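Report on the structure
Each chain, written out:
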Amino acid sequence: MATEAKDKKSTAAKNFQPLGDRLFVTYTEEMERTSGGIYVPDSAKEKPQRGIVQAIGKKVENIKVGDQVLFDKYSGSKLRIEDEECLILKEEDILGIFTN
Amino acid sequence: MATEAKDKKSTAAKNFQPLGDRLFVTYTEEMERTSGGIYVPDSAKEKPQRGIVQAIGKKVENIKVGDQVLFDKYSGSKLRIEDEECLILKEEDILGIFTN
Amino acid sequence: MATEAKDKKSTAAKNFQPLGDRLFVTYTEEMERTSGGIYVPDSAKEKPQRGIVQAIGKKVENIKVGDQVLFDKYSGSKLRIEDEECLILKEEDILGIFTN
Amino acid sequence: MATEAKDKKSTAAKNFQPLGDRLFVTYTEEMERTSGGIYVPDSAKEKPQRGIVQAIGKKVENIKVGDQVLFDKYSGSKLRIEDEECLILKEEDILGIFTN
Amino acid sequence: MATEAKDKKSTAAKNFQPLGDRLFVTYTEEMERTSGGIYVPDSAKEKPQRGIVQAIGKKVENIKVGDQVLFDKYSGSKLRIEDEECLILKEEDILGIFTN
Amino acid sequence: MATEAKDKKSTAAKNFQPLGDRLFVTYTEEMERTSGGIYVPDSAKEKPQRGIVQAIGKKVENIKVGDQVLFDKYSGSKLRIEDEECLILKEEDILGIFTN
Amino acid sequence: MATEAKDKKSTAAKNFQPLGDRLFVTYTEEMERTSGGIYVPDSAKEKPQRGIVQAIGKKVENIKVGDQVLFDKYSGSKLRIEDEECLILKEEDILGIFTN
């Protein structure tokens, strides 16, 4: 999946550099029971959501490109890349990393 | 119970690493009079709740995996692992540890 | 009364360790004119209330187990031990100590 | 009046130790034109009020027991000692001291 | 006018010591076109107002007794000295000093 | 225009010294297309506005008397000098300086 | 496009110097699929928007004149230069830079 994430970046995110402690994240479509048995149902309001980190600012310390991350649904600033919803988040908004 | 907690982690939480001062917590089902005679009734609104720590971030200082903790009902970000409600909490949201 | 406080702790609070600058407090039933002539009427809304400290976190500096303390009615997180209302408070929420 | 203040303390406040930067204050009844010609009418809403300091916490720096102080009407936590309204205030809530 | 200010202090403010960075200020009655041509109409709501500093706390750095100062209408705590409206202000609430 | 600004100060602002990081500013009447082609229409609500700095406090670092500045419409405290609207602003409220 | 940006500055922004950590930004008209395939639809409410940096304050560290930047729709103070909408933003309001 890290490979898939970098492929995505090659088309959309390669031209965008987040500033400071911000990350550029695309949503993970496969919200179903992944390898770790964890899923976050799309229909659940105000539930955390999952995404893949596509680019990071210089001050991001504990997250790298390709990481699968969990974040609160209402964190960050939403934008759209070639019909895909994306997100600019701050590192402090990331709840954790999936390590499978 | 610490053993039971680690068993739970082996299925659900082993693939999730909380960031910074955050903890990954599952709720304790047995809310009845435990060894210490303390219980937190489920029906009580805005009452603190009890859980078991499944994973901790690198900056968590005074809590370890397996600890039974008390926290306010509305603290943290709720998510769901294999039909079980879970929680991402910050260490400062933990009111105390059950030491039985 | 300090003795009574420690007796209470032996059943209820001995299994709970508050974190950081928090205290575990049980309410004082005898709100009537105590030795110091001070009482806080139960019926008074938003008036401070009185309790006995049962356990303290490591960062609590000026209060010890057994102290009778005064605190604002809406401070802290309420919970219940064997049908008795208890409270987790921060040290900064304690207005003062009765020294009789 | 400093003498009267200490007399009052002997019955009510001698058993209460405010914590940190807090003061234990009783209201001054004689709100009429005192020696300094200053008075604060009781009927005026949200006007500052006057009291006598009965006990102080260890971190109080510029006020001592017996001082007559001015404070905003809605500052602090009210309580009652032997049918007299009292107040727990922080030092920063004290506007000034009457020096007559 | 500085002389007049000190005269006023001799009756009303000589018995009051503001604490910390606070000032004791009386309103200037003559709001009409003063020497500097500046006036603040009384009828204007939420407009700054003008006063004379009668006493200052120990931490006040840039204002002295006798200064004519400008401050926002809703700053500070109002009180009354011998039928004259007065004010306790913090130094940071003072917008500037009239230097005529 | 810098000359005109200093002329204005000679009548109105010469008697007022702003405190700390504050500035004393008069509005610029000629809001039409100035030398730089920039104008801020008066009718536009919540749009920034333009003025001339007449006096500055001792802690003002990057603005000097005579500067033409841009600021948000609702910043600062308004007052009136000889029928002209004026403003006390903090340096941090100044968006920028016109350098024509 | 960096060339176009500097041309714009020559007419409008050359007379304006933002203060501190502020930037002077003009909106990018061509919101359609640019080289990086990223676009921000104008009709989307509360979506981030794109602009070109025309002038920067002395404390701006990571952005330079000519950069194409992304920012939240409601950030900053809007003004108008020769019938074109412009914006004063703080550096911390810039989400990222387009690097194509």
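Predicted model only: the values in this text are computed from it and were never measured. (Residues numbered from 1 in each chain as written. Chains lettered and ligands numbered in written order. Predicted model: local features only at pLDDT ≥ 70, side-chain atom pairs only at ≥ 80, totals over all residues. Heavy atoms only, no water.)

A closer look at the overall build of chain A
- Broken down by element type, chain A carries 1 helix and 7 strands.
- Starting at the N terminus, the α and β elements of chain A follow one another as α-β-β-β-β-β-β-β.
- Per-residue burial over chain A gives 56% buried out of 100 residues.
- A fraction of 62% describes how many contacts in chain A between residues 6 or more apart in sequence connect residues 24 or more apart.
- Just so you have it, chain A exposes about 4600 Å², and 45% of that area is on carbon and sulfur atoms. (Helix = DSSP H or I, 4+ residues; strand = E, 2+ residues; numbered from the N terminus. Buried < 20%, exposed > 50% of the residue type's maximum accessible area, 1.4 Å probe, protein only. Contact = heavy atoms within 4.5 Å. Areas by Shrake-Rupley, 256 points an atom, 1.4 Å probe, with all protein chains shown as cover.)

Concerning the environment of tyrosine 27 of chain C
All names here are of chain C.
- Mapped onto the elements, tyrosine 27 comes out in strand S2 (residues 22-27).
- The class for tyrosine 27 is buried, based on a relative accessible area of 12%.
- For the pair tyrosine 27 and isoleucine 56, spaced 29 residues apart in sequence, the C-alpha to C-alpha distance is 15 Å.

Focus: the environment of threonine 26 of chain D
All names here are of chain D.
- Positionally, threonine 26 belongs in strand S2 (residues 22-27).
- Here the alpha-carbon distance between threonine 26 and glutamate 85, two residues 59 residues apart in the chain, equals 6.8 Å.
- Here the side chain of threonine 26 touches glutamine 54 through a polar contact of 2.6 Å, side chain to side chain. (Polar contact = N/O pair within 3.5 Å; in protein donor to acceptor, adjacent residues only side chain to side chain.)

Side note on the pattern of salt bridges
Residues and elements named next belong to chain D.
- Across all of its chains, the model carries 7 salt bridges over all chains by this definition.
- For aspartate 67, the salt bridge is made with lysine 64, and the minimal N-O distance between the two is 2.9 Å.
- Residue classification places aspartate 67 among the buried residues on the basis of a relative accessible area of 9%. (Salt bridge = Lys/Arg side-chain N within 4 Å of Asp/Glu carboxyl O.)

Considering the packing of aromatic side chains
- Applying the stated criterion across every chain yields a total of 21 aromatic pairs over all chains.
- Aromatic side chains tyrosine 27 of chain F and phenylalanine 71 of chain F sit 6.0 Å apart centroid to centroid with 55° between the ring planes, which places their arrangement in the tilted category. Taken together, the positions of tyrosine 27 of chain F in strand S2 (residues 22-27) and phenylalanine 71 of chain F in strand S4 (residues 68-71) put the pair 44 residues apart, joining distant regions of the chain.
- For phenylalanine 71 of chain F, a relative accessible area of 0% corresponds to the buried category.
- Between arginine 50 of chain A and the ring centre of phenylalanine 98 of chain A, over which it is positioned, the NZ or CZ distance is 3.8 Å. (Phe/Tyr/Trp six-rings, centres within 6.5 Å; stacked < 30°, edge-to-face > 60°. Lys NZ or Arg CZ within 6 Å of the ring centre and 35° of its normal.)

Examining the environment of glutamine 68 of chain C
Residues and elements named next belong to chain C.
- One can find glutamine 68 in strand S4 (residues 68-71).
- Along the backbone, glutamine 68 and arginine 50 are 18 residues apart, and their C-alpha atoms lie at a distance of 6.9 Å.
- A polar contact of 3.2 Å, which involves the side chain of glutamine 68, links it to the side chain of arginine 50.

Digging into the pairing of S2 of chain D
- For S2 of chain D, the buried fraction is high: 6 of the 6 residues fall into the buried class.
- Judged by which residues are buried, S2 of chain D turns out to be covered on both faces: Arg22, Phe24 and Thr26 of chain D on one side and Leu23, Val25 and Tyr27 of chain D on the other are all buried.

Focus on the side chain of aspartate 67 of chain D
Residues and elements named next belong to chain D.
- Residue position: aspartate 67 is located in the loop between strand S3 (49-56) and strand S4 (68-71).
- Of note is the side chain of aspartate 67, whose polar atom sits 2.9 Å from the side chain of lysine 64.
- Those residues in contact with aspartate 67, other than ones at most four positions away along the chain, are Gly51, Ile52, Val53, Asn62 and Ile97.

Notes on the pairing of S3 of chain D
Residue and element names in this part refer to chain D.
- The buried fraction of S3 amounts to 7 of the 8 residues, a majority that puts the element mostly inside the structure.
- The pairing of S2 with S3 spans 5 bridges and is classified as antiparallel. Opposite tyrosine 27, over in S3, you have glycine 51 as the bridge partner. (Pairing = 2+ DSSP bridges.)

Notes on the side chain of threonine 28 of chain A
All names here are of chain A.
- Along the chain, threonine 28 turns up in the loop between strand S2 (22-27) and strand S3 (48-56).
- Residue threonine 28 is classed as buried on the basis of its relative accessible area, which comes to 4%.
- Each residue touching threonine 28, except ones within four places of it in the same chain, is listed here: Arg50, Gly51, Ile52 and Gln68.

Some thoughts on the confidence of the model for chain A
All names here are of chain A.
- In the predicted model, chain A carries a mean pLDDT of 77, and 65% of its residues have values of at least 70.
- Counting contacts from residues 30-35, a segment whose pLDDT is below 50, to residues more than four positions away or on other chains yields 15 contacts.
- In the predicted complex, the global pTM is 0.75; the interface-specific ipTM is 0.74. (pLDDT = per-residue confidence, 0-100.)

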